[in-house]
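The lines below spell out each chain.
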Amino acid sequence: MKAAERRRTLNSKKPRNAKDRILDCAEELVVEIGAGNLTLDAIAERAQISKGGLLYNFPTKESLLKAIVSRLIERFDKLHEQVRNQIPEGPGRDLKAYVHARLEMSGAMNQFQINQNVCASLLAVFANDPKLVAPIREVFKKRLDTIEKSTSSFEKAAIIAFAAEGLAFLELIQFSPLDKKKRKRFVKALMDWIEEE
């Protein structure tokens, strides 16, 4: 499936419920004012609901931030599964899918409803709130366990996965020194290495 087809699938509109509308508005505000400055009053006003309606869905700011994190993880998982389904069975399939999905998401995050600015703003919150970090740490552990089984070497799988994560992180904070040509060569080198058994 080509990137444009994946975008259409991921962006297919379904009726938004109150929680989705609240989370959409919260993400917009995170981008505009930062997660640390986010208030429930501002979210209620942006979502055009009463404060009571907001508290019914998200009793605390922490519960709302956890929901934003969960939704980002869910969106990446959907993207990863769509990419994985396009890769033939064989050694390294899960690792290839992980690298492709992670770097595709990093390179064009907004096209997949995974807003790079939301992710960057949440980094500051993660540093001060260990409870928000725990689910992400668990996701990374599960991902590494899965991709480790996809290759004959834990070390190789870990180095490739961490290289992809490193580039994605540098792109997230806009520190990556790679131009498009060098980025393409970097990704190709990772894929070629996965093929070497």
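Figured I'd write up the structure that's included with this text. (Residues numbered from 1 in each chain as written. Predicted model: local features only at pLDDT ≥ 70, side-chain atom pairs only at ≥ 80, totals over all residues. Heavy atoms only, no water.)

## A few points about the nonpolar core
Then, number 1: In terms of nonpolar packing, the biggest core is built from 30 residues, with Ile 43, Leu 54, Leu 64, Leu 65, Ile 68 and Leu 122 touching the most fellow members.
Then, number 2: Sorting the residues of this core by element identifies α2 (18-33), α3 (40-47), α5 (61-85), α7 (116-128) and α8 (130-148) as the ones contributing at least two each.
Then, number 3: Sorting elements by how many residues they give to this core places α5 first, with seven residues.
Then, number 4: Apart from the residues within four sequence positions on either side, Ile 43 is in contact with Ile 22, Ala 26, Leu 29, Leu 38, Leu 54 and Leu 64.
Then, number 5: By size, the runner-up hydrophobic cluster in this structure holds 24 residues, among which are Phe 76, Ile 87, Val 187 and Ile 194. (Core = buried A, V, L, I, M, F, W, Y, C linked by side-chain atoms within 4.5 Å. Buried < 20%, exposed > 50% of the residue type's maximum accessible area, 1.4 Å probe, protein only. Helix = DSSP H or I, 4+ residues; strand = E, 2+ residues; numbered from the N terminus. Contact = heavy atoms within 4.5 Å.)

## Re the environment of Asp 179
Then, number 1: Relative to the helices and strands, Asp 179 is located in the loop between α9 (154-172) and α10 (180-195).
Then, number 2: Relative accessible area serves as the criterion here: at 42%, Asp 179 is assigned to the partly exposed category.
Then, number 3: Here Lys 181 takes part through its backbone nitrogen, which lies 3.2 Å from a polar atom of the side chain of Asp 179.
Then, number 4: At 2.7 Å, the side chain of Asp 179 forms a polar contact with the backbone nitrogen of Lys 182. (Polar contact = N/O pair within 3.5 Å; in protein donor to acceptor, adjacent residues only side chain to side chain.)

## Looking at a nonpolar patch on the surface
Then, number 1: Side chains of Leu 123, Phe 169, Leu 170 and Phe 175 sit close together on the surface and give an oily, nonpolar patch of about 360 Å² of accessible area.
Then, number 2: Tracing the backbone through its elements, the reader meets Leu 123 in helix α7.
Then, number 3: What makes Leu 123 partly exposed here is its relative accessible area of 30%. (Patch = residues over 30% accessible without salt bridge, like charges linked within 9 Å, V, L, I, M, F, W, Y side chains within 5 Å. Areas by Shrake-Rupley, 256 points an atom, 1.4 Å probe, with all protein chains shown as cover. Salt bridge = Lys/Arg side-chain N within 4 Å of Asp/Glu carboxyl O.)

## Some thoughts on the pattern of salt bridges
Then, number 1: All chains considered together, the criterion is met by 18 salt bridges.
Then, number 2: Two residues, Glu 195 and Lys 96, come together in a salt bridge whose shortest N-O distance is 2.7 Å. Highlighted residues: Glu 195 in helix α10 and Lys 96 in helix α6 (residues 93-107), separated in sequence by 99 residues.
Then, number 3: Since its relative accessible area comes to 51%, Glu 195 is described here as exposed.
Then, number 4: For Lys 96, a relative accessible area of 15% puts it in the buried group.
Then, number 5: By sharing partners, the salt bridges in this structure join Asp 20, Asp 24, Glu 27, Arg 71 and Arg 75 into a single network.

## What to know about the packing of aromatic side chains
For any pair of aromatic rings, the description rests on two quantities: the centre-to-centre distance and the angle between the ring planes.
Then, number 1: Inspection of the entire model under this criterion finds one aromatic pair.
Then, number 2: For the ring pair Phe 76 and Tyr 98, a centre distance of 6.0 Å and an interplane angle of 75 degrees mean the geometry is edge-to-face. With Phe 76 in helix α5 and Tyr 98 in helix α6, the pair connects residues that are 22 residues apart, well separated along the chain.
Then, number 3: For Phe 76, a relative accessible area of 3% puts it in the buried group.
Then, number 4: Classification of Tyr 98 as buried rests on a relative accessible area of 3%. (Phe/Tyr/Trp six-rings, centres within 6.5 Å; stacked < 30°, edge-to-face > 60°.)

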